[in-house]
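Letter by letter, the chains look like this.
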Amino acid sequence: MIVEPKSFLPRSVLVIAPHPDDEVLGTGGLLSRVTRSNREALVLYGTMGNDTRQTEAIGGLAILDDYTDRINYSVLFPEYDGHMDTLPLKDIIEKIEDHIQRFEPEMVIMPEPGGFHQDHRTLSHAAMAALRPNGGTFTYRPPIVAVYEEPSDYWTLETEQHHPILYVTLDQVDIDRKCEAMRNHFSQDRPHPSERSIEALRALATLRGAQAGVPQAEAYEVRRWLI
């Protein structure tokens, strides 16, 4: 059964993104839908890079939420772009846990654990530990945990690739905002046939929509869904 677009949306979403633009590539459509429905989102960047990337990130988030300031962001380790794997994993886990306890999101979305980039793998593994079923500790546990996809994650040494079972229906405004936000990351935008191109984003949304029986969608793996 295909859930109608307005039937269910989490009241708050935390997106864990290794770098600026990962949140757009993986969850831009969902973030647009969340803010259009007067819900809140927090993007937790693993690292930021230079001032240009920060400017692009702020502008991209503003586009996704139509300048309503419903999306906030935080950065775990600003100076470790490309080097998150040199950090003690425990330090990353603790920082993610702290943001989860303070924001208490209903849904947390994290990057693909089998991605080829060392920052992506490190942050994903830390997120899995931070989101573990810690029953009996009286700490907040997000009821929904999912994994987003990026086209580039299919170049991997892992045997497992993305197997989505959760599809988020996107209206035209959502995919348009996603593409506009990606264009705002001008230092990362690439022409077709790059996996980061606007054509690739629209094609993936069309493919995932066809799999779910809707015009366009984003697809996610599910790690936990408590009902």
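Each remark here, short or long, concerns the structure printed above.
Residues numbered from 1 in each chain as written. Predicted model: local features only at pLDDT ≥ 70, side-chain atom pairs only at ≥ 80, totals over all residues. Heavy atoms only, no water.

## Here we look at the sheet that holds strand β4 (residues 107–110)
Here we have 7 strands laid out as an open sheet, ordered β3-β2-β1-β4-β5-β7-β6, and mixed in their pairing. Strands with a single pairing partner mark the edges of an open sheet, and in this sheet they are β3 (71–75) and β6 (166–169). In this sheet, neighbouring strand axes are inclined to one another by 25 degrees on average, regardless of whether the strands run parallel or antiparallel. Note that β4 and strand β5 (residues 144–148) share 4 bridges and pair parallel. From the neighbouring strand, Val108 faces β5, where its bridge partner is Val145. Sheet contacts for helix α1 (residues 22–36): β1 (12–17), β2 (40–45), β3, β4, β5, β6 and β7 (217–225); angle to β7, the most-contacted strand, approximately 90 degrees. The strands touched by helix α6 (residues 198–212) are β6 and β7; relative to β7, the strand with the most contacts, the crossing angle is about 65 degrees. (Pairing = 2+ DSSP bridges. Helix = DSSP H or I, 4+ residues; strand = E, 2+ residues; numbered from the N terminus. Axes fitted to C-alpha atoms, helices over the stretch in contact; angles between N-to-C directions. Contact = heavy atoms within 4.5 Å.)

## Digging into the side chain of Asp22
Within the fold, Asp22 resides in helix α1. Buried charged residue Asp22 carries no salt bridge. Nearest counter-charge: Arg196, at 4.9 Å. Among the polar contacts listed, one links the side chain of Asp22 to the side chain of His120, at a separation of 3.3 Å. The contacts of Asp22, once residues within four sequence positions are left out, are Ala17, Thr27, His120, Tyr148 and Glu150. (Buried < 20%, exposed > 50% of the residue type's maximum accessible area, 1.4 Å probe, protein only. Lys, Arg positive; Asp, Glu negative; His and termini not counted. Salt bridge = Lys/Arg side-chain N within 4 Å of Asp/Glu carboxyl O. Polar contact = N/O pair within 3.5 Å; in protein donor to acceptor, adjacent residues only side chain to side chain.)

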